[in-house]
Amino acid sequence: MINKNFYVKVLCFKEIFMLEIKHDINTIFVMLGQQCNLNCKYCMQHDLIIDVLPKRFIHHDVINFIKYHANKQERPIDIRFYGGEPLIYFNDIKQIVNLLKKDNVSFSIISNGKLINENIVKFFNDNNFSSVAISWDGIDSIKTRLYDVFKEKQNLLLNINNLCISGVISSFNYPNSFINSIKPFIEEYYRIHNYMINFSKDEIMDMNACHSDLRTFDYNEINKQMNILVNNIKKSFVNMETSNISLNDYLYISLFTMYCNSIQSGLNNYTQSFCSNGIKVINLDLEGNLYQCHNNWIKIGDINSDYNTYILKAKELDTITLNNFNSTCKNCSILSLCKCGCPLIKQDIREKTEFCKLRKAIYKPIINLVNEAIANNGSFY
């Protein structure tokens with residue numbers, strides 16, 4: 001019979017041959033598979049994934065790899081379940097959570113929400129998921145995602161602890177319109193949980209798969225909406241100073257804080273990766289393969305790779321560091337927020353689309369607000 005001490009020695013021996021990440025890790029994207037039950041018009045994976053891989057099974061060394069790296073660092077690693085649509089692989093999620101829930105990790109997920117049911121909501125809440133991000137693009141979601149999850153699943157979604165609404169800014173979902181569309185849910189969610197829904201937004205990124213109707217922008221309207229946002233943020237800070245703050249004010253202060261956190265992140269690291277994919281963010285499939293990004297499935301190693309070889313490959317594919325710090329980006333007024341954008345957006349895409357124009361239209365008013373705050377108060381807080 002093999003005793004417990006023998007097993008521990010064997011496990012430690014195996015770890016000698018396991019990839020030794022020599023820095024702390026923020027997040028491990030667990031890439032469950034590429035299948036999806038929606039066909040969102042702007043999905044990056046349409047252009048980045050050619051062949052959908054067959055169903056994979058959890059290799060026991062993957063769990064050992066996560067346990068080893070989680071328990072050797074001080075801060076918990078965010079184990080973020082990802083697809084395709086991750087809830088298609090719900091049985092795998094349950095198994096992984098059960099194997100890791102006593103370790104130095106937290107759990108989160110990004111989902112389109114179509115498969116959400118009472119049992120899944122209970123599972124998220126019982127296992128203290130730190131974030132359940134549901135993709136929703138406001139009142140016109142049916143035009144971008146061909147499915148409106150809040151119309152179909154509102155009551156279930158509002159009962160999820162630590163719910164996050166994740167929206168994509170497109171010609172059907174302008175910045176202030178998105179904020180206004182989530183306000184009723186924030187109010188109802190606050191009534192149930194006594195805290196706000198988290199929310200995030202990304203600008204649409206054209207990967208050649210994007211439908212042209214999603215990027216036909218009225219820039220005068222964007223400018224108008226961003227000025228409304230900025231004015232609401234200013235009013236909210238005035239209300240905070242007079243202790244006359246409402247839930248609406250908390251929303252705008254949260255929005256500004258989100259932007260400020262982005263500005264602070266990496267300010268002194270312009271020669272390093274902003275994206276962090278493959279470095280601080282590990283993208284891992286169920287068989288132990290490691291990828292440049294959780295959206296493109298370009299393999300850069302596995303859990304038994306040599307560290308130096310792996311990290312060199314990760315940095316080599318980071319086009320932000322290698323290519324995007326040209327004079328145009330380096331001197332751009334929104335660099336502290338944009339940080340040159342996603343490395344998956346190649347130079348030819350930037351040149352033939354309005355990728356930069358859109359980001360400038362959205363970010364410039366926020367940068368002006370920050371500069372105004374610094375000029376008046378010496379700080380943007």
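Please refer to the structure placed before this passage.
Residues numbered from 1 in each chain as written. Predicted model: local features only at pLDDT ≥ 70, side-chain atom pairs only at ≥ 80, totals over all residues. Heavy atoms only, no water.

Some words on the overall build of the protein
Working step 1: From N to C terminus, the protein includes 16 helices and 9 strands.
Working step 2: Residue burial in the protein is summarised as follows: out of 381 residues, 52% are buried.
Working step 3: Across the protein, contacts joining residues at least 24 apart in sequence account for 75% of those joining residues at least 6 apart.
Working step 4: For the protein, the computed accessible surface area is about 18700 Å², with 50% contributed by carbon and sulfur atoms. (Helix = DSSP H or I, 4+ residues; strand = E, 2+ residues; numbered from the N terminus. Buried < 20%, exposed > 50% of the residue type's maximum accessible area, 1.4 Å probe, protein only. Contact = heavy atoms within 4.5 Å. Areas by Shrake-Rupley, 256 points an atom, 1.4 Å probe, with all protein chains shown as cover.)

Focus on the environment of tyrosine 195
Working step 1: Secondary-structure assignment places tyrosine 195 in the loop between α8 (175–193) and β6 (198–203).
Working step 2: Sequence-wise, tyrosine 195 and leucine 247 are 52 residues apart; in three dimensions their C-alpha atoms are separated by 9.6 Å.
Working step 3: Filtering out sequence-adjacent residues up to four positions away, tyrosine 195 remains in contact with Asn161, Asn162, Tyr189 and Tyr190.

Notes on the packing of aromatic side chains
Working step 1: One pass over the full model with this rule turns up 17 aromatic pairs.
Working step 2: Aromatic rings pair up to connect Phe81, Phe90, Phe107, Phe123, Phe124 and Phe129 into one cluster.
Working step 3: Lying across the ring of tyrosine 147, lysine 114 places its NZ or CZ 5.3 Å from the centre.
Working step 4: Sitting over the ring of tyrosine 219, lysine 357 keeps its end group 4.3 Å from the ring centre. (Phe/Tyr/Trp six-rings, centres within 6.5 Å; stacked < 30°, edge-to-face > 60°. Lys NZ or Arg CZ within 6 Å of the ring centre and 35° of its normal.)

Re the sheet that holds strand β8 (residues 289–291)
Working step 1: Pairing is mixed across the open sheet formed by 9 strands, whose spatial order is β6-β5-β4-β3-β2-β1-β7-β8-β9. Bordering the open sheet on either side are β6 and β9 (299–302), each of which pairs with just one other strand. Ignoring strand direction, the axes of neighbouring strands in this sheet form an average angle of 25°.
Working step 2: Along the sheet, helix α3 (residues 60–71) contacts β1 (27–31), β2 (77–82), β3 (105–111) and β7 (281–285); its crossing angle with β7, the most-contacted strand, is approximately 160°.
Working step 3: Across the sheet, helix α7 (residues 149–158) is in contact with β4 (131–135) and β5 (163–169); its angle to β5 comes to roughly 155°. (Pairing = 2+ DSSP bridges. Axes fitted to C-alpha atoms, helices over the stretch in contact; angles between N-to-C directions.)

Observations regarding the pattern of salt bridges
Pairing between side chains of opposite charge can happen when the charged atoms of each approach one another.
Working step 1: Counted under the stated rule, the structure contains 10 salt bridges.
Working step 2: The closest approach of N and O atoms between aspartate 103 and lysine 67, which form a salt bridge, is 2.7 Å. Of this pair, aspartate 103 sits in the loop between α4 (90–100) and β3 while lysine 67 sits in helix α3; the two residues are 36 residues apart in sequence, bridging distant segments of the chain.
Working step 3: Residue aspartate 103 is classed as buried on the basis of its relative accessible area, which comes to 16%.
Working step 4: Linking arginine 359 and glutamate 203 is a salt bridge whose minimum nitrogen-to-oxygen distance equals 3.6 Å. Of this pair, arginine 359 sits in helix α16 (residues 355–377) while glutamate 203 sits in strand β6, and the two are 156 residues apart along the sequence.
Working step 5: You can call glutamate 203 buried: its relative accessible area is 5%.
Working step 6: Counted as one network, the salt bridges with shared partners bring together Lys201, Glu203 and Arg359. (Salt bridge = Lys/Arg side-chain N within 4 Å of Asp/Glu carboxyl O.)

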